[in-house]
Amino acid sequence: MDSRTAILNSVKDALRDLDASNMVEPELPLIWEVKGLAPQELADTFAQNLKSVAGEAFLCDSLNDAAQKIADALKQIAESNGKNAPHMLGVYPNELTQQIANQLPQDLWKILNTPEEPKVDPKDYEPMTASLIAPLALLADTGSCVAEGRSAFERLLFYLSPACLVIARASQLRENLPHAWSEIAAKLTPEQHGEIAIITGPSRTADIEKKLVLGVHGPQKLLVFIIMNE
């Protein structure tokens, strides 16, 4: 009998004599702590964590306040773009995003809605200056936005535009991923198409010298606007 067989037989003998009734399952480690944070605490935590990954959050008193802050942000983005107006703004198909888009000056922005043709050529949207999207949820512990990209057009809004603006309500804030999992899981059915993206700050990468660069693989700027009073 070789040494390997002898060791395996010893293990089998030990397991055979083991009394399973006395075995106690080890306590699972706590990965996501539930703190029960209030909406304002969730918003402050989200803003702080988003800032740590080079994003920026704006807490808005109302929808009108959010619309004004988004308009101001888009104006600054347009001024820094260096191209002639109107600038292209891709708009995610959602009630909130449409309400905001309808209030923007049409001489400054050309609104891009979901195309009728399902086949989308990224080259047609390459000149897009900014995008306005709406998430499924906001994760406070990482400052992340959970968004659903059902079509090629929606996914281009996440990845292609130099500046990505997110509009959400305070009721969409979650402490962490497990608190949002039921909402995400509802979208992960065989009948659903597309993808779920977790966006944590603007795109960033670093070379071998550890020099951080923003905007290489996606938006260079990520701004999140949260309506606190609904």
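Structure shown above.
These numbers come from a predicted model, not from an experiment.

> Looking at this structure, how should I read the pattern of salt bridges?
When the charged atoms of two side chains with opposite charge come close together, those side chains can pair. Taken as a whole and assessed by the stated rule, the structure comprises four salt bridges. Between Asp65 and Lys69 there is a salt bridge; the shortest N-O distance is 3.4 Å. One end of the pair is Asp65 and the other is Lys69, both in helix 3 (residues 63–81) and four residues apart, which spans about a single turn. Under the relative-accessibility criterion, Lys69 is labelled partly exposed at 26%. With a shortest N-O distance of 3.1 Å, Arg150 and Glu154 are connected by a salt bridge.

> Help me understand unusual backbone geometry in this model?
Most peptide bonds adopt trans geometry, and most residues besides glycine take a negative phi value. Geometrically, the link from Ala85 to Pro86 is a cis peptide bond, its omega value of 0° lying close to zero. Positionally, Pro86 belongs in the loop between helix 3 and strand 2 (87–91). Residue Ala54 is not a glycine yet carries a positive backbone phi of 75°. Residue placement: Ala54 occurs in the loop between helix 2 (39–51) and strand 1 (56–60). Among the residues examined, Ala54 registers a relative accessible area of 41% and is labelled partly exposed.

> Before we go on, may I ask you to explain the packing of helix 3 against helix 4 (residues 95–102) in this structure?
Any two packed helices are characterised by how steeply their axes cross, that is the angle between the axes, and by the distance between the axes. Here helix 3 crosses helix 4 at 60°, and the two axes come no closer than 10 Å. By the angle class used here, helix 3 and helix 4 are oblique. Classified by chirality, the crossing of helix 4 by helix 3 is right-handed. Counted together, Leu63, Ala66, Ala67 and Ile70 of helix 3 and Leu96, Gln99 and Ile100 of helix 4 form the full contact between these two elements. Of the residues that constitute the contact of helix 3 with helix 4, the class distribution is six nonpolar, one polar and no charged.

Cut-offs applied
- Residues numbered from 1 in each chain as written.
- Predicted model: local features only at pLDDT ≥ 70, side-chain atom pairs only at ≥ 80, totals over all residues.
- Heavy atoms only, no water.
- Salt bridge = Lys/Arg side-chain N within 4 Å of Asp/Glu carboxyl O.
- Helix = DSSP H or I, 4+ residues; strand = E, 2+ residues; numbered from the N terminus.
- Buried < 20%, exposed > 50% of the residue type's maximum accessible area, 1.4 Å probe, protein only.
- Axes fitted to C-alpha atoms, helices over the stretch in contact; angles between N-to-C directions.
- Parallel < 35°, antiparallel > 145°, perpendicular 65-115°, else oblique.
- Left-handed = near helix turned anticlockwise from the far one by under 90°.
- Contact = heavy atoms within 4.5 Å.
- Nonpolar A, V, L, I, M, F, W, Y, C, P; charged D, E, K, R; others polar.

By themselves, these are just geometric observations and shouldn't be taken as functional.
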